[in-house]
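Secondary and tertiary structure notes
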Amino acid sequence: MQILSTLSKKLKPRPDDHHLGFGALFTDHMFNMDYSPEKGWHNSRIEPYGPIQMDPATMVLHYGQEVFEGLKAFRTAGGSIQFFRPKDNFKRMNRSCRSLCIPEFDAAQAFEALKQLITIEKEWVPRAPETSLYIRPTIIAMDPFLGVRASHTYRFFIILSPVGAYYAEGFNPVKIWVTRDHVRAVRGGLGEAKTSGNYAASLYAAEEAHRHGYTQVLWLDGVEQRYVEEVGSMNIFFVIDGEVVTPMLSGSILPGITRDTVIALARTWGVQVSERKISIDEVMAAHENGTLEEVFGSGTAAVISPVGEIKYEEKIITIGKGQVGPMAKRFFNAIADIQYGRAEAPANWIEKL
Ligand SMILES: Cc1ncc(COP(=O)(O)O)c(C=O)c1O
C-alpha cells in the first residue's frame, strides 16, 4: 500500500510525560483514507493533525454511522516501542463495520499504516511509568445526505494521544452504581460493536451516577435487567469463592481484548474461570454469604480497575474492605509487565514497531 506523507511545518510543544491525563492531547500527524464504491478504500495518507471539513448534512452527524477502536503503544525500558494485540483491535473493528453496514478494510494494511504513523510520531510515545500512546482508529459515514440509509462514502482516520492513568483515583478501587432505569444495549442491537451510539446511550445514567458520587455505571441486561453485562466502558469480573466469573458474550456486550487476556492468563495460571450468566442477585447474595472476594473491570484504558463499592437499589456493599484485591493486582501486574516488555507474552500478543 502506497502511503503519502505530508509532514507538519509547525510541531506542537511536547507535554510533560508526568502530567498527561487522558484523551486531551493529540500528536502532530494523523492517518487518513477514503472509501468510495468506485475506488474502494483509497487515498491512504499521513497528514498534519487537524479538523476534518464536512458538509453539515454529513451522515455521521445525523445517523451515527461510525465505528472506532482503542488500543495502545508502549515504550519498553530499552526504549523500543511495541503494541499489545493490535491485530485483534483491527479484527474487531471490521466486525463492528459489518454491524454498521460499513465496508470492511484490509486489517494488515491498516496496521502497516499505523506503524508508519507511529514511526513519524515515535517521540510522542511517553517514557514515564504507566504512560502510553493511546491509538484511536475511527471510520465515519461521509455522504452529505438526509435520509436513513447506509452511506456510500467513508473516511477512515487514526489519531494518537499520549496518556497517563485513566482514572484520577489511579489503581484504587472505584465506586459503581447499578442502574435499572436505563440500559446500554440489547441483544440483537449494537452492544457488541464499538460504535458511538452505545456511548451516547450510556451518558444519562453515567451523569446520574456521578451526581451521586459514583465513578461508573454497572449495566444490567436490556431485557430482564437481571444479568450483569459491563461496567462503564469496561468488561467486568467477579471473584466468588476462588472462581473468576465474567458475563458470557451475549450479543450486547463488547468482546473486550483485555477481557480475553484476563481469561487466557487465568487459564494458564490454573485459576478456575468461567464465562456465564451472572445475575445482580447472585452478586448481592455472594456478598451476603461472604464469598464475594473481588470485583474488577477490564479495558484498554485502565487495564484493570478494582471495584470497592456497589450500590444496587437501596443497598450499598463494600468489597474487600475497599482495598485492591490480590487477583486484580495479579492480573494488572501481569498484563502491564507484558505490555511494557518486562515479561514474555504468549504468541501473537506483542507486535514490535
Ligand atoms: C463498552 C466497552 N466494554 C468493554 C471495553 C473493553 O474492551 P478492551 O479490553 O478491548 O479495551 C470497552 C473499551 O475499552 C468498551 O468501550
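Keep in mind the model is a prediction, meaning the values are calculated, not measured.

A closer look at the overall build of the protein chain
Counting its secondary structure elements, the protein chain contains 8 helices and 18 strands. Relative to a compact globule of 353 residues, whose C-alpha radius of gyration would be 20 Å, the protein chain shows 21 Å and is just as compact. Principal-axis analysis of the C-alpha atoms gives the protein chain an extent of 60 × 50 × 35 Å. Residues classed as buried in the protein chain amount to 53% of the 353 residues present. Taking all contacts inside the protein chain whose residues are at least 6 apart in sequence as the whole, residues at least 24 apart take part in 71%. If you average the places of the 38 positive and of the 41 negative side-chain charges in the protein chain, the two averages end up 4 Å apart.

Quick notes on helix H8 (residues 326-339)
Under the 1.5 Å per step criterion, the end-to-end length of H8 is 20 Å for 14 residues, consistent within 8% with the ideal 20 Å. Residues of H8 that are buried include every one of Met327, Ala328, Phe331, Phe332, Ala334, Ile335, Ala336, Ile338 and Gln339, and no others. Two residues or fewer past H8, Gly341 is found with a positive phi of approximately 75 degrees.

Focus on the packing of aromatic side chains
Within a pair of aromatic rings, the relevant descriptors are the distance that separates the centres and the angle that separates the planes. Overall, the coordinates contain 16 aromatic pairs when judged by the stated rule. Taken together, a centroid distance of 6.1 Å and an interplanar angle of 85 degrees make the contact between Trp41 and Phe156 edge-to-face. Residue Trp41 is found in strand E3 (residues 40-48), and its partner Phe156 is found in strand E8 (residues 154-163); the two are separated by 115 residues along the sequence. Members of the aromatic cluster, connected to one another through ring pairs, are Phe31, Tyr35, Trp41, Phe90, Phe105, Tyr154 and Phe156. Looking at Lys12, its charged tip hangs above the ring of Tyr49, at a distance of 4.5 Å from the centre. Sitting above the plane of the Tyr227 ring, Lys277 keeps its charged end 4.6 Å from the centroid.

Structural notes on the side chain of Ser151
Structurally, Ser151 is set in the loop between strand E7 (132-141) and E8. Take Ser151: its relative accessible area is 6%, and that puts it in the buried class.

Quick notes on the packing of helix H6 (residues 257-269) against H8
Across the interface, H6 lies against H8 with an axial gap of 11 Å and an inter-helix angle of 105 degrees. On the basis of their axis angle, the class for H6 and H8 is roughly perpendicular. Each of Thr258, Thr261, Val262, Leu265, Ala266 and Trp269 in H6 lies in contact with H8, whose residues at this interface are Arg330, Phe331, Ala334, Ile335 and Ile338. Within the contact of H6 with H8, the residues separate by chemical class into 8 nonpolar, 2 polar and 1 charged.

A look at the site of the ligand
As a structural note, the neighbourhood of the ligand is formed by 15 residues, with Arg92, Tyr199, Glu230, Thr258 and Thr300 the closest of them. Note that an oxygen atom of the ligand is positioned 3.1 Å from one of the side-chain N or O atoms of Lys194. Contacts to the ligand include Tyr199, whose side-chain N or O atom sits 2.4 Å from an oxygen atom. In isolation the ligand has 380 Å² of accessible area, and contact with the protein removes 95% of it. Those elements that place two or more of their residues in the shell around the ligand are strand E12 (234-240), H6 and strand E15 (292-299). Residues of the shell around the ligand, tallied by class, amount to 4 nonpolar, 7 polar and 4 charged.

Brief notes about the nonpolar core
Grouped together as the largest cluster of nonpolar side chains are 41 residues, with contacts concentrated most on Phe31, Phe105, Leu114, Ile118, Ile135, Ile139 and Phe156. In this structure, Val178, Ile278, Val283 and Ile319 belong to the second largest nonpolar core, which totals 25 residues.

Considerations on the packing of helix H2 (residues 86-99) against helix H3 (residues 107-120)
It is the contact of H2 with H3, at a shortest axis distance of 10 Å, that shows an interaxial angle of 130 degrees. Accordingly, the angle class assigned to the pair H2 and H3 is oblique. For the element pair H2 and H3, the recorded crossing hand is right-handed. Every residue of H3 that contacts H2 at Pro86, Lys87, Phe90 and Asn94 is listed here: Ala107, Ala110, Phe111 and Leu114. When its residues are assigned to classes, the contact of H2 with H3 shows 6 nonpolar, 1 polar and 1 charged.

Points about the pairing of strand E17 (residues 315-318)
In this structure, strand E16 (residues 303-312) lies alongside E17, joined through 4 bridges in antiparallel fashion. Across the sheet, the residue bridging to Tyr312 is Lys315, located in E17. Where E16 folds back on E17, the antiparallel hairpin that results is connected by 2 residues, among which Glu313 adopts a positive phi of roughly 50 degrees.

Looking at unusual backbone geometry
Positive phi values are uncommon outside glycine, yet Glu130 reaches one of about 65 degrees. Position of Glu130 relative to the elements: it lies in the loop between H3 and E7. The phi torsion at Lys321 lies on the positive side, around 55 degrees, for a residue other than glycine. Counting through the fold element by element, Lys321 comes out in the loop between E17 and H8.

Comments concerning the environment of Glu130
The class for Glu130 is exposed, based on a relative accessible area of 52%. The spatial distance from the C-alpha of Glu130 to the C-alpha of Ala336 is 8.2 Å, given a sequence separation of 206 residues. Ignoring sequence-local partners within four residues, the contact set of Glu130 consists of Val163, Gly164, Ala165, Phe332 and Tyr340.

Considering the pattern of salt bridges
The full count for this structure, using the stated rule, is 18 salt bridges. One salt bridge connects Arg85 with Asp260, and the closest N-O pair in it is separated by 2.8 Å. Of the two residues, Arg85 sits in the loop between strand E6 (81-84) and H2 while Asp260 sits in helix H6, which places them 175 residues apart along the sequence. Judged by its relative accessible area of 7%, Arg85 falls in the buried class. A salt bridge links Arg180 to Glu313, with the shortest nitrogen-to-oxygen separation between them at 3.6 Å. Pair noted here: Arg180 is in the loop between strand E9 (174-178) and helix H4 (196-200) and Glu313 is in the loop between E16 and E17, with a separation of 133 residues, a long-range link. Take Glu313: its relative accessible area is 43%, and that puts it in the partly exposed class. A single salt-bridge network, built from bridges that share partners, covers Asp34, Arg45, Glu47 and Arg155.

Reading guide: rules and limits
- Per chain, residues are indexed from 1 in the order of the written sequence.
- The predicted origin of the model limits local features to residues at a pLDDT of at least 70 and limits the giving and counting of side-chain atom pairs to 80 or more, whereas totals for whole chains, interfaces and linings rest on all residues.
- To obtain the side-chain values, all non-hydrogen atoms of the structure were used and water was disregarded.
- Segments assigned H or I by DSSP are reported as helices when at least four residues long, segments assigned E as strands when at least two residues long, and all are numbered from the N terminus.
- For this measure, only C-alpha atoms enter the radius of gyration; the expected value for a globule follows 2.2 Å times N^0.38, where N is the number of residues.
- Accessibility here uses a 1.4 Å probe with only protein chains present; expressed as a share of the type maximum, an area under 20% marks a residue as buried, one over 50% as exposed, and anything in between as partly exposed.
- We call two residues contacting when some pair of their heavy atoms lies within 4.5 Å.
- The charge count treats Lys and Arg as positive and Asp and Glu as negative. His and the chain ends do not count.
- For this purpose, a charge sits on NZ of Lys, CZ of Arg, CG of Asp or CD of Glu.
- One fewer than the residue count of a helix, multiplied by 1.5 Å, yields its expected span.
- A pair of Phe, Tyr and Trp rings is counted when the ring centres sit within 6.5 Å of each other, with Trp represented by its six-membered ring. The angle between the planes then sorts it: under 30 degrees is stacked, over 60 is edge-to-face, the rest tilted.
- Put simply, a charge is over a ring when the Lys NZ or the Arg CZ is close to the ring centre, within 6 Å, and near the line of the ring normal, within 35 degrees.
- Working convention: axes come from line fits to C-alpha atoms, limited for helices to the stretch in contact. Angles between N-to-C directions cover 0 to 180 degrees.
- Small angles under 35 degrees read as roughly parallel and large ones over 145 as roughly antiparallel, with 65 to 115 read as roughly perpendicular and the rest as oblique.
- In this classification, the charged set is Asp, Glu, Lys and Arg, the nonpolar set is Ala, Val, Leu, Ile, Met, Phe, Trp, Tyr, Cys and Pro, and all remaining amino acids, among them Gly, are polar.
- We call a residue near a molecule or strand when any one of its heavy atoms sits within 4 Å of it.
- Pairing of N or O atoms within 3.5 Å defines a polar contact, subject to two protein rules: one partner must be a possible hydrogen donor and the other a possible acceptor, and residues neighboring in sequence count only if both atoms are side-chain atoms.
- For the area figures, the Shrake-Rupley method with a 1.4 Å probe applies, and any residue is considered shielded solely by the protein chains shown.
- Among the buried residues, those of types Ala, Val, Leu, Ile, Met, Phe, Trp, Tyr and Cys that are joined through side-chain atoms within 4.5 Å form a nonpolar core.
- What makes a crossing left-handed is the near helix being turned counterclockwise from the far one by less than a right angle; a clockwise turn instead makes it right-handed.
- One bridge is not enough; two strands pair if DSSP finds at least two bridges between them.
- A pair is scored as a salt bridge if a Lys or Arg side-chain nitrogen falls within 4 Å of a carboxyl oxygen belonging to Asp or Glu.

Everything listed is a geometric property; what it means functionally is a separate question.
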